[in-house]
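Spelled out, the chains give:
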Amino acid sequence: MFRATLKSLLARKVRLILSGLAVVLGVMFVSGAFVLTDTLGRSFDAVFADAYDGVDVNVAARPKIAVGEVEGGQVSPAFPADVVRRVESVPGVAGATGEVTADGARLIGSNGKAVTSFGPPQLGRNWTGESDLVELRAGRAPQADDEIVVNVALATAAKVTVGDRVGALTAFESDRRDFTLVGVIGYSGGRDSIGGMSEISFTTPAAQRLMLGKPGAFNSVTVRAAEGVTPEALRDEVARALGPAYEVKTGEQLSADASASLKEGLSFFNKVLLGFAAVALLVGTFLILNTFSIIVAQRTRELALMRAIGASRRQIIGSVVLEALAIGLVASIVGLGAGIGVGALLAWAFGRFAGGLTLAGLGVPPVAVISAFAVGMLITVVAALLPALRASRIPPIAAMQDVATPDRPLTRVTVSGAVVTAVGGVLLALGLTDNAGGATLMVILVGVLFAFIGVALLTPLISRPVVSVLGALFAWSVPGKLGRLNSGRNPRRTAITAAALMVGIALVTGVTVILDSAKSSIAAAAESTVDAQLVIAGAQTGPRPPTFDPTVVDRAAALPGVSAVVGVYNDNAVVDGDRTYVVAVTDLAAMGTIYHTTAQSGTLATLRPDQVALSVSGAKELGKSVGDRLTAQFARGEGPHTYTVTAVLPDDRVAGSVILPKEAGAEFTRPQPFTALVQLTPGTAVSQVQPQLEALVAGNPEVSVADRASFIEQQTSGFDTLLTMIQILLALAIVIAVLGIVNTLALSVLERTRELGLLRAIGLRRAQTMRMIIVEAVVISVFGALLGVAVGTGLGAAVVRALADEGITDLVLPWSQMGLFLGLAALIGVVAAVLPAIRAARINVLGAIAHD
């Protein structure tokens with residue numbers, strides 16, 4: 001049986017290679033994800049180990065709010081210079097240097113625009129001199145408060161050189177301030193940047209004022225240990241001297257913490273890639289299942305002869321499973337190799353994108369190898385199991401019959417499909433209505449999987465009538481009629497082939513429905529609730545939005561033709577012990593005017609420094625009502641503040657669920673407003689006021705003034721970018737589905753060799769034969785696309801309905817996209833049919849008639 005299995009494999013190399021390609025692509029995604037995250041993880045380890053190599057101990061005030069790097073990083077509170085002197089007096093300290101290091105320093109390039117960052121921090125710090133890590137490459141150190149030094153990577157990106165007069169935006173000054181660039185620094189090992197970060201070094205007084213907002217303050221102390229004192233021992237001594245208000249860590253601990261924080265973001269990216277790998281493998285499962293089903297059907301006489309000469313059912317099952325294992329093994333090896341290459345390529349691209357991250361050597365972690373073989377071989381064996389069981393049931397008498405694939409009753413598969421679909425629907429309902437406990441995402445994903453499998457099982461029931469209707473479009477010619485009949489002759493085979501394409505198109509359609517609905521809902525809400533004709537804001541390119549000078553709000557309110565202005569600050573705060581997103585507004589009464597809202601309880605008036613307003617949902621979540629008190633701790637605040645609730649406002653007509661006075665904004669991470677809504681007096685033209693507002697923010701190239709429609713379009717453009725990324729990643733599943741159609745047609749052509757020969761013998765020309773195969777492929781592809789559009793629309797509509805309480809109230813069906821998918825499916829059918837059609841056209845007529 002082993003030799004027979006081996007010969008069977010070698011006799012069907014091309015067909016099995018096509019099946020294996022699906023597994024190769026899925027395994028490539030899985031192993032590539034692990035190779036990428038391992039390479040980047042070790043690269044960040046090396047970067048931070050080097051960055052903190054010269055640090056024995058570091059002192060920083062304990063952050064008030066715990067925030068991850070993905071959310072913008074934690075704010076290190078400022079402390080007085082006296083802390084540096086206290087550290088210097090600790091036994092075992094050889095020296096202590098007060099430092100200012102904070103994110104938010106943006107250099108304005110030679111093109112007049114701020115140099116942006118899509119992840120790495122933009123640090124502003126005080127110049128403390130050269131070290132083993134930092135070296136001046138050109139120029140000198142800053143000596144006056146209007147002089148700066150930048151790293152090579154930033155100077156290159158901004159296209160500036162030593163001696164240039166340049167502008168910069170800082171954490172506490174959002175308007176442009178001009179400096180003279182007096183030096184350019186690099187780092188040990190010839191590096192122009194560390195981990196892609198940009199760095200601007202000021203004099204110490206300038207850094208304290210511009211980055212901390214507190215003259216004479218620092219936010220960290222670098223400590224050198226005396227000879228013979230270990231960093232661990234010194235850390236403990238300094239910690240005892242300063243008390244619990246400060247975090248004291250060794251350089252090794254700082255390196256590990258910084259690396260772990262970035263790896264948290266990498267783990268999310270890894271999960272995204274694995275999710276798309278799972279989709280690819282699901283589609284691949286359909287392909288392999290179909291391939292083995294067709295091969296078993298074609299080998300009916302061969303397998304029956306084996307049974308007749310003594311092969312047991314177990315041996316027949318083992319033969320088919322062994323073929324699957326062989327395919328899975330080869331596909332896993334090839335997929336692992338491809339995954340290593342893809343992981344290396346993505347790591348290189350990430351390094352370039354991150355501003356020149358120095359990559360560690362390419363590594364292949366054990367989990368990549370184990371997952372590659374486990375996933376690849378498991379998928380092929382599971383997919384081949386049903387065909388193997390079917391093969392074992394072939395009776396020996398079938399050896400005397402012609403090879404055929406008789407239709408079997410669809411009752412069992414239809415009932416199974418209905419049950420599986422119902423289970424998927426229940427799981428989706430539980431997940432989307434937040435009744436799944438802490439496993440909401442997992443329940444939703446499993447529900448989607450069951451829904452796909454259930455629909456695939458139900459598809460044979462509808463395939464013949466639907467395919468017949470679709471085929472009628474091509475039935476005006478003999479090849480069209482034959483292609484229509486061929487596509488519907490085996491409902492199960494057609495259903496599985498179409499289901500592979502259905503998965504990819506369903507996911508793309510569902511995501512498109514959700515994102516388009518979200519865009520429409522946001523735009524509609526803004527149009528109906530916000531009566532602001534102009535908006536001052538910037539396009540967000542990092543974890544935090546651009547901000548502008550708070551005085552802009554007051555100056556805007558004083559302009560002729562302006563009726564009301566409200567500036568909005570935002571941040572995370574700890575409210576009554578829980579971290580919560582909060583906003584601060586310059587004038588609650590003006591916000592009420594612009595949002596056309598009144599208080600459901602309490603008074604809608606300008607908030608005093610000790611007052612707070614809540615939305616209805618915010619009040620419910622916090623358990624507060626008018627007159628109650630709550631406490632709030634802010635990122636830059638010395639201690640918690642107590643506020644009295646003065647108003648509860650409708651959810652859909654407020655800027656946030658917790659609305660604080662503008663004084664609270666001064667203690668936010670970015671102590672400036674990020675948005676200002678401007679309402680004009682009746683009859684005032686936008687074109688009259690907009691230039692005056694633009695003049696107010698002319699010193700900040702990150703911020704602009706837009707009318708309401710342009711602002712809404714700017715804020716929702718991110719949905720289009722996200723949709724494009726998802727479509728690119730899901731294109732892999734569609735590629736696998738194309739392979740499935742090619743494989744099915746190729747095997748079908750082989751199965752119908754005698755039939756094709758007879759058709760050719762009675763007058764069907766080669767071109768007509770090719771058209772017949774193309775029609776069959778197009779009908780199957782469009783059928784799969786119709787299924788995908790229908791299922792995706794249903795899933796998307798269900799999610800939109802579940803998000804109604806979150807403000808996603810408009811259901812938008814992307815008709816143009818759906819039409820595009822159907823047109824793409826027809827094109828896919830033509831492409832997939834090319835090789836099988838050519839092979840069918842080249843069949844030798846006499847040989848085909850004599851084919852057994």
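Predicted model, so just to flag it, every value in this text is computed and none were measured. (Residues numbered from 1 in each chain as written. Predicted model: local features only at pLDDT ≥ 70, side-chain atom pairs only at ≥ 80, totals over all residues. Heavy atoms only, no water.)

### Description of the overall build of the protein
Within the protein, the secondary structure is distributed over 24 helices and 24 strands. Within the protein, contacts between residues at least 6 apart in sequence are counted, and of these 82% link residues at least 24 apart. (Helix = DSSP H or I, 4+ residues; strand = E, 2+ residues; numbered from the N terminus. Contact = heavy atoms within 4.5 Å.)

### As for helix 13 (residues 478-488)
For an α-helix, 3.6 residues make a turn, and residues three or four places apart therefore share a direction. Taken together, the buried positions of helix 13 are P479, G480, G483, N486, S487 and G488. Against the buried residues of helix 13 lie helix 12 (440-471), helix 14 (491-529), helix 21 (753-761) and helix 22 (766-802). (Buried < 20%, exposed > 50% of the residue type's maximum accessible area, 1.4 Å probe, protein only.)

### As for the sheet that holds strand 3 (residues 93-99)
Reading across from one edge, 3-13-1-14 is the order of the 4 strands in this open sheet, with antiparallel pairing throughout. Pairing within the sheet leaves two strands with one partner each, and these edge strands are strand 3 and strand 14 (246-250). Between one strand and the next, the sheet's axes are offset by a mean angle of 20°, whatever the strand orientation. Note: strand 1 (residues 57-61) against strand 13 (residues 220-225), 3 bridges, orientation antiparallel. (Pairing = 2+ DSSP bridges. Axes fitted to C-alpha atoms, helices over the stretch in contact; angles between N-to-C directions.)

### Focus on the pattern of salt bridges
For the structure shown, the criterion picks out 16 salt bridges. D82 is the salt-bridge partner of R85, the closest N and O atoms lying 3.9 Å from each other. Here R85 pairs with D82, and both are found in helix 3 (residues 82-88), just 3 residues apart, close to one helical turn. (Salt bridge = Lys/Arg side-chain N within 4 Å of Asp/Glu carboxyl O.)

### Side note on unusual backbone geometry
The phi dihedral of K159 is positive, around 60°, even though this residue is not glycine. The residue K159 is located in the loop between helix 4 (152-158) and strand 9 (165-170) in this model. Judged by relative accessible area, which is 67%, K159 ranks as exposed. At D576, a residue that is not glycine, the phi angle is positive and equals roughly 50°. Looking at the secondary structure, you find D576 in the loop between strand 16 (562-575) and strand 17 (578-585).

### Observations regarding the packing of helix 14 against helix 22
At a closest axis distance of 6 Å, the pairing of helix 14 and helix 22 adopts a crossing angle of 35°. Regarding helix 14 and helix 22, the two cross each other, and that crossing is right-handed. The class makeup of the residues in the contact of helix 14 with helix 22 is 16 nonpolar, 11 polar and no charged. (Left-handed = near helix turned anticlockwise from the far one by under 90°. Nonpolar A, V, L, I, M, F, W, Y, C, P; charged D, E, K, R; others polar.)

### Observations regarding the pairing of strand 21 (residues 641-649)
With 2 bridges joining them, strand 18 (residues 601-602) and strand 21 adopt antiparallel strand pairing. What sits directly across from G602, in strand 21, is A647. By the bridge criterion, 5 bridges tie strand 19 (residues 611-615) to strand 21 in an arrangement that is parallel. For Q611, the partnering residue across the bridge sits in strand 21 and is T644.

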